[in-house]
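# Fold and geometry: a report
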There are 2 protein chains.
Amino acid sequence: MNGSTARRVTIRDVAERAQVSISTVSHAFSGSRPISQATRDRIFRAAAELGYDPNPSARSLRTGRSGIIGLILRPRFALCGTPDRAETFNRLVGSVATEMLRRKVGLIHVPDLNDPSVSSVPMDGCIVAHPYGADEVLAELLRRGVPVVTIEEDPERPEFTWTVRLDYTTVVTALLDHLRDQGAGSVALLTGSEDNAWNRRTRETYLAWCERHGHAARVELLSEGLSVDDAAATIRPLLASPERPDAVVVDTSDFAAITAEIATTRGLRVPEDLMIASLTDTEHSRSAVPPITAMDLNHERLAENAVELMLSRLAGLETPPEAVVIAPALRVRPSTQRSAG
Amino acid sequence: MNGSTARRVTIRDVAERAQVSISTVSHAFSGSRPISQATRDRIFRAAAELGYDPNPSARSLRTGRSGIIGLILRPRFALCGTPDRAETFNRLVGSVATEMLRRKVGLIHVPDLNDPSVSSVPMDGCIVAHPYGADEVLAELLRRGVPVVTIEEDPERPEFTWTVRLDYTTVVTALLDHLRDQGAGSVALLTGSEDNAWNRRTRETYLAWCERHGHAARVELLSEGLSVDDAAATIRPLLASPERPDAVVVDTSDFAAITAEIATTRGLRVPEDLMIASLTDTEHSRSAVPPITAMDLNHERLAENAVELMLSRLAGLETPPEAVVIAPALRVRPSTQRSAG
DNA sequence: CTGAAAGCGCTAACAC
DNA sequence: GTGTTAGCGCTTTCAG
């Protein structure tokens with residue numbers, strides 16, 4: 001019943017059964033040359049009877065293409081991380097998978113590019129999500145000549161335009177302006193430790209904004225790898241200090257939610273005494289009390305555009321002059337709305 | 001700079017440069033036979049200098065293994081569906097991907113098994129999630145001799161034990177008992193249209209429970225493919241009817257949330273006049289007003305166990321006598337808590 | 001319209 | 001400890 005001992009059926013078996021040569025079988029399947037109706041029928045019948053399905057490795061070896069696109073998610077805290085990171089990971093992976101399935105292209109999660117003990121995977125191209133500055137995996141792929149498209153740019157590779165990137169400047173500026181409109185006197189930034197576009201661009205934008213407005217910048221590090229408790233330990237003194245800011249922008253949504261909790265515990269009202277915003281939008285920000293204003297990275301559109309770009313690239317599109325730019329969305333919620341509005 | 005015209009470097013190039021035969025290079029990489037230190041050094045240096053990386057298709061063709069595991073998610077509404085379906089899809093895909101990455105095995109999303117225009121993928125085994133009754137994709141994979149593990153059983157294949165399944169009976173019974181404890185007089189079930197274990201088992205359990213308690217069963221169909229508006233159109237008459245139930249179990253969380261909304265609009269208090277529970281747990285159930293009691297399918301543990309089972313299977317484990325059983329979790333929330341407790 | 005045959009890059013006998 | 005060689009199953013010239 002279980003055909004575990006049965007040899008796989010090959011093109012040769014089909015040829016034999018249909019009384020033709022293997023090349024005819026091959027052409028019948030690929031349609032790459034005219035075959036008489038009678039022959040073609042015999043071949044398809046034989047194939048169906050035998051349950052033939054072509055060996056993808058043999059085909060790839062021969063043609064040099066696999067029809068499969070790889071996906072590498074760079075942030076090291078994406079796995080085994082906190083709930084915020086898991087949700088973000090799921091959403092990006094899910095979005096890319098959805099888009100690939102819709103287009104009927106194989107998607108493969110690349111396990112570990114540089115571990116020689118891990119078998120490498122046959123891919124025609126690779127999407128690298130959220131690369132670091134001077135990302136080494138990206139560099140290795142380029143060195144190997146793999147066609148790459150990145151989701152967010154490697155900040156050290158501005159010349160690499162096979163990229164879908166986010167326009168952080170506009171959104172973060174809008175957020176800071178919004179906080180000021182709502183009466184924020186001093187805005188602190190709790191930024192992540194990962195050296196990627198997300199952290200770099202948002203921090204740069206914050207610093208530029210501070211300078212433009214003669215606002216004293218206050219940046220604290222809050223690593224994405226911290227546990228919620230550790231994060232709390234960093235946040236508490238900030239809120240206890242006499243020079244406590246009256247608005248904080250926290251990198252990840254779960255730490256933002258913790259901030260709201262801590263504030264409430266200390267008797268600080270949100271948003272009246274402390275406004276809180278986060279640079280990632282997940283259930284933590286949406287269902288915090290009060291709900292927290294957040295920047296949504298728009299993974300679905302990032303994924304769509306990255307897949308589209310990759311397919312164009314594989315189809316022969318020339319190197320584009322500029323990266324594709326996507327706007328993150330700013331979701332304004334009660335945590336930053338002092339006035340009704 | 002971009003090596004797009006450069007020929008890929010093969011084992012032959014490395015052999016030539018290191019002044020050894022290609023088999024020696026092969027063995028040096030696989031470690032499958034002793035190589036003198038000097039030779040091995042020369043080989044690795046040559047490989048590094050040339051930037052050699054082995055061709056996975058050639059290797060798979062030769063060895064018959066690819067080191068890649070496939071994933072097929074069966075529910076047709078998993079894609080392009082409503083938010084509940086998207087979140088569920090993301091969570092399952094994310095969980096499987098996370099687990100595979102942790103184990104450093106390649107994971108591939110299989111695009112479309114039966115579309116001949118889609119190139120088939122090299123996989124050593126395949127995980128099929130949420131198969132239908134007498135699932136045809138599952139059947140096709142088995143016919144091809146692909147080692148399969150399913151997440152949830154195909155209800156028409158009780159003999160197939162390479163499965164991680166959910167113990168719905170216990171949890172759904174507990175839910176119904178809970179509703180009765182909270183004073184439910186009549187409980188209706190709004191069940192999905194997909195013919196899979198989730199819908200079958202939960203419905204069976206409901207019917208058995210009704211019979212056991214002399215409770216008039218009331219089952220309505222609410223297809224997972226419905227838009228939220230269409231679902232609302234099905235739900236409204238139910239709540240308007242004079243024989244309106246005072247508790248409903250709704251298959252998906254977003255439709256449960258809609259039910260809560262409709263009830264509130266009609267002046268029904270939840271849970272006092274109407275208790276609501278759902279058989280899927282997502283943000284919709286958690287952040288509905290009031291929060292909705294839900295069964296959590298525990299995708300993370302399903303994924304973990306399925307991957308584990310697949311790796312054991314590929315490592316030669318004998319056919320297990322029984323499926324692995326996981327408990328879904330019952331998350332009791334205010335939507336079904338009339339008394340404080 | 002069809003067949004013969006080379007060879008994609010690698011592994012694993014089998015020799016020495 | 002190392003080399004030679006026969007394929008894995010397929011696509012694709014090149015001949016007819």
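Residues numbered from 1 in each chain as written. Chains lettered and ligands numbered in written order. Predicted model: local features only at pLDDT ≥ 70, side-chain atom pairs only at ≥ 80, totals over all residues. Heavy atoms only, no water.

In this section: the overall build of chain A. Within chain A, the regular secondary structure consists of 12 helices and 12 strands. Relative to the compact-globule value of 20 Å for 341 residues, chain A shows a C-alpha radius of gyration of 26 Å, a clear excess of over 25%. Dimensions of chain A, computed from the C-alpha atoms along their principal axes, are close to 90 × 50 × 40 Å. In chain A, buried positions account for 54% of the 341 residues. Sequence-distant contacts, at least 24 apart, represent 70% of the contacts inside chain A between residues at least 6 apart. (Helix = DSSP H or I, 4+ residues; strand = E, 2+ residues; numbered from the N terminus. Rg over C-alpha atoms; globule rule 2.2 N^0.38 Å. Buried < 20%, exposed > 50% of the residue type's maximum accessible area, 1.4 Å probe, protein only. Contact = heavy atoms within 4.5 Å.)

Lining the immediate surroundings of DNA strand D are 25 residues, of which Ile-11 and Arg-62 of chain A together with Arg-33, Thr-39 and Arg-62 of chain B lie closest. A breakdown of the atoms of DNA strand D within 4 Å of the protein gives sugar and phosphate a share of 52%. Arg-62 of chain A is positioned such that a nitrogen or oxygen atom in its side chain is 2.3 Å from a base oxygen of DNA strand D. Of all the elements in the fold, those that place two or more residues in the surface near DNA strand D are helix H2 (22–30) and helix H4 (56–63) of chain A together with helix H2 (22–30) and helix H4 (56–63) of chain B. Of the residues in the surface near DNA strand D, the class split is 9 nonpolar, 11 polar and 5 charged. (Near = heavy atom within 4 Å. Polar contact = N/O pair within 3.5 Å; in protein donor to acceptor, adjacent residues only side chain to side chain. Nonpolar A, V, L, I, M, F, W, Y, C, P; charged D, E, K, R; others polar.)

The next point concerns the interface of chain B and chain A. At the junction of the two partners, chain B supplies 46 residues and chain A supplies 46 residues. When chain B packs against chain A, close to 3,900 Å² is buried across both sides, 58% of that on carbon and sulfur atoms. Looking only at chain B, the three residues that lose the most surface to chain A are Leu-101, Lys-104 and His-109 of chain B, adding up to 15% of its buried area. Among the ionic pairs, Asp-53 of chain B bridges to Arg-144 of chain A, the shortest N-O distance being 3.1 Å. In this structure, the connection of chain B to chain A is made through 9 residue pairs in polar contact (both at pLDDT 80 or more). Looking at the side of chain B that touches chain A, the elements with two or more residues in it are H4, helix H5 (83–102), strand S2 (106–109), helix H6 (136–144) and helix H11 (283–286) of chain B. Of all the elements, H5 of chain B adds the most residues to the side of chain B that touches chain A, at 10 residues. (Buried area = accessible area lost by both parts, 1.4 Å probe. Salt bridge = Lys/Arg side-chain N within 4 Å of Asp/Glu carboxyl O.)

Residues and elements named next belong to chain B. With mixed pairing, 6 strands are arranged side by side in an open sheet as S7-S6-S8-S9-S10-S12. Of all strands in the sheet, those with a lone pairing partner are strand S7 (219–221) and strand S12 (329–331), marking the two edges. Direction aside, neighbouring strands of the sheet carry axes that sit 20° apart on average. Two strands pair when backbone bridges link them, and strand S6 (residues 187–191) and strand S8 (residues 247–250) are joined in this way by 4 bridges, in the parallel orientation. (Pairing = 2+ DSSP bridges. Axes fitted to C-alpha atoms, helices over the stretch in contact; angles between N-to-C directions.)

In the region of DNA strand C, 25 residues are neighbours, and Thr-24, Arg-33 and Thr-39 of chain A together with Ile-11 and Arg-62 of chain B sit closest. Near the protein, within 4 Å, the atoms of DNA strand C are sugar or phosphate in 53% of cases. Residue Ser-21 of chain A places a main-chain N or O atom 3.0 Å away from a phosphate oxygen belonging to DNA strand C. Within the side chain of Tyr-52 of chain B, one N or O atom sits 2.7 Å away from a phosphate oxygen of DNA strand C. Secondary structure elements with two or more residues in the surface near DNA strand C: H2 and H4 of chain A together with H2 and H4 of chain B. Partitioned by chemical class, the residues of the surface near DNA strand C number 9 nonpolar, 11 polar and 5 charged.

None of the figures reported here should be taken as evidence of function without further support.
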